[in-house]
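Chain by chain, the residues run as shown.
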Amino acid sequence: MQIHLAQSAGFCFGVRRAIKIARNLAASHQAVCMLGDLVHNETVIRELEAAGIRKIKRLGPGRNGRLLIRAHGASRRTLALARHHGYALVDATCPMVREIHRIVRSMDRQGRRVIVIGDRRHDEVLGIIGQIARRAMIIDHVEHIPWKALRRVRKAAIVVQSTQNLDRVLPIVERLKTRIADVRFFNTICKPTRMKQEEIKILPLQNDAILIIGSRTSANTKRLYEISKALNSRTHWIQSPEELDPRWFRNVHSLGITAGASTPETTTRAVIARIRALTRQGKK
Ligand code: SF4
């Protein structure tokens, strides 16, 4: 069986950068915390915890510790609260997410209603809407456009969660344009996401089966799975080699593989080694 690994598989530069910041900080300071997961991958989080970084769920007294702000960014309120509790902040927010924050603040100052296309509960989206005091609108699906609430909106600015699928975003933008007189649209889907999605629109057509590697909590991995599954029903999503099922490789001559933006290369390599072992066993 041939294995074709996507060129864009694995860490994006924002995740790589956040992990580097975290490791350097853990090496030089004690009492380092992260609020929630720095990136959405269990293996990475375990490694960071082993390096001495403590994961906290809620902000309490910081006791002069350092708080890592995750790659997805955080709301202004969270940052203010952390400072209030005495934390020194170390910002690992991806520069691409920071750019979305800048756009949102600037558009809000210009009096535009901010609309975010993205997953309602995702940390990145919460961080984006938390940049401004006025309530932003979140739209997660073309069928969920709040037409009633839009009646009073004359001027709007639309931004997009960095890991969204443009094919799902554009129909929402087109519909919004029919209702709002003055709309500015910023396609803030990041370049690594676009590259990954471009590849996963081709791989499923060129291979008998597809494997997507990444955490169940990873939004960009979920998107890769959805795109691939729509093109090739033999698409499987796993987090680790242990989840591989030998039956998936029956009559499969070529297998395409990609991995989410927060999946370590070590995981991808371990998955490939396990597939090789399983398919060798199958031949005996
Ligand atoms: S997926 Fe994009 S926005 Fe998110 S961390 Fe990676 S590069 Fe940054």
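Not measured: the values here are computed from a predicted model.

Q: Help me understand the sheet that holds strand E4 (residues 66–69), please; the structure alone is not making it clear to me.
A: Each strand in a sheet pairs with another by means of backbone hydrogen bonds, the pair being arranged parallel or else antiparallel. What the 4 strands build is an open sheet, ordered E3-E2-E4-E5; its pairing is parallel. What marks the edges here is a single partner per strand, and that holds for strand E3 (53–56) and strand E5 (88–91). Sheet twist, expressed as the mean angle between neighbouring strand axes with direction ignored, is 35°. Sheet topology places E4 next to E5; 4 bridges connect them, and they run parallel. Of the residues in E5, the one forming a bridge with Leu67 is Leu89. Sheet strands in contact with helix H1 (residues 13–28) are strand E2 (32–35), E3, E4 and E5, and its direction is about 170° off that of E4.

Q: I keep staring at the pairing of strand E10 (residues 209–213) and nothing clicks. Help me out?
A: Residues in a regular strand point their side chains to alternate faces of the sheet. Of all 5 residues in E10, 5 are buried, a share of seventy percent or more. Neither face of E10 is left uncovered, since the one carrying Ala209, Leu211 and Ile213 and the one carrying Ile210 and Ile212 both have all their residues buried. Bridge analysis of E10 against strand E12 (residues 254–259) gives 5 bridges, and the strand direction is parallel. Bridge pairing links Leu211 to Ile257 in E12. By the bridge criterion, 4 bridges tie E10 to strand E11 (residues 235–238) in an arrangement that is parallel. Each bridged residue has a counterpart across the sheet, and for Ile210 the counterpart in E11 is Thr235.

Q: Which parts of the structure should I look at to understand the domain arrangement of the protein chain?
A: Interfaces are frequently sized by the accessible area removed from exposure as the parts join. When the domains of the protein chain are assigned, the result is domain 1 (2–10 + 192–283), domain 2 (13–94) and domain 3 (96–189). If you average the C-alpha positions of domain 2 and of domain 3, the two centres end up 27 Å apart. Each side of the interface is counted separately: domain 2 has 12 residues, and domain 3 has 10 residues. Sorting elements by how many residues they give to the side of domain 2 that touches domain 3 places helix H3 (residues 76–84) first, with 3 residues.

Q: Looking at this structure, how should I read the environment of Trp237?
A: With respect to the helices and strands, Trp237 occurs in strand E11. Overall, Trp237 belongs to the buried group, with 20 C-beta atoms counted inside 10 Å. As a C-alpha pair, Trp237 and Ser28 span 209 residues in sequence and 37 Å in three-dimensional space. Among all residues touching Trp237, those that are not within four sequence positions of it are Ile212 and Tyr225.

Q: Explain the sheet that holds strand E9 (residues 182–185) to me, please; I cannot follow it from the model alone.
A: Taken in spatial order, the 4 strands make up an open sheet running E7-E6-E8-E9, and their pairing is parallel. Looking at the sheet topology across the chains shown, the edges are occupied by strand E7 (137–139) and E9. Each strand axis lies, on average, 25° off the axis of its neighbour in the sheet, ignoring direction. Pairing analysis gives 4 bridges linking strand E8 (residues 155–160) to E9, with the strands arranged parallel. Residue pairing for E9: Ile158 is matched across the bridge by Phe185. Here helix H4 (residues 95–109) sits on the sheet in contact with strand E6 (113–117), E8 and E9, set at roughly 175° to E8.

Q: How do you make sense of the pairing of E8 when you look at a structure like this?
A: Summarising burial for E8: 5 of the 6 residues are buried, a large majority. The β-α-β motif built from E8, the intervening helix H7 (residues 166–179) and the parallel element E9 has right-handed crossover chirality.

Q: What am I meant to see in the site of the ligand here?
A: In the vicinity of the ligand lie 15 residues, with Cys12, Gly14, Cys94, Ser162 and Cys190 positioned nearest. Counting only elements with at least two residues in the shell around the ligand, the list comes to H1, H4 and helix H8 (191–200). Per element, the largest residue contribution to the shell around the ligand is 3 residues, and it comes from H1. Here the residues of the shell around the ligand are counted per class, giving 10 nonpolar, 5 polar and no charged.

Q: Which parts of the structure should I look at to understand the nonpolar core?
A: Nonpolar side chains in soluble globular proteins generally cluster together in the buried interior. With 48 residues, the main nonpolar core has Ala18, Leu38, Leu68 and Val116 as its most contacted residues. At 5 residues, the largest contribution of residues to this core is made by E8. The residue makeup of this core includes at least three contributed by each of domain 2 (13–94) and domain 3 (96–189). Apart from residues lying up to four places away in sequence, Leu38 is in contact with Ala18, Ala22, Ile45, Leu48, Leu68, Arg70, Ala71 and Ala92. In this structure, Ile200, Leu255, Ala259 and Val271 belong to the second largest nonpolar core, which totals 18 residues.

Conventions and cut-offs
Residues numbered from 1 in each chain as written. Predicted model: local features only at pLDDT ≥ 70, side-chain atom pairs only at ≥ 80, totals over all residues. Pairing = 2+ DSSP bridges. Helix = DSSP H or I, 4+ residues; strand = E, 2+ residues; numbered from the N terminus. Axes fitted to C-alpha atoms, helices over the stretch in contact; angles between N-to-C directions. Contact = placed C-beta atoms within 7 Å. Buried ≥ 20, exposed ≤ 12 C-beta atoms within 10 Å, placed from the backbone. Domains from an automatic or database assignment. Right-handed = clockwise from strand over helix to strand, strands pointing away. Near = placed C-beta within 6 Å. Nonpolar A, V, L, I, M, F, W, Y, C, P; charged D, E, K, R; others polar. Core = buried A, V, L, I, M, F, W, Y, C linked by C-beta atoms within 7 Å.

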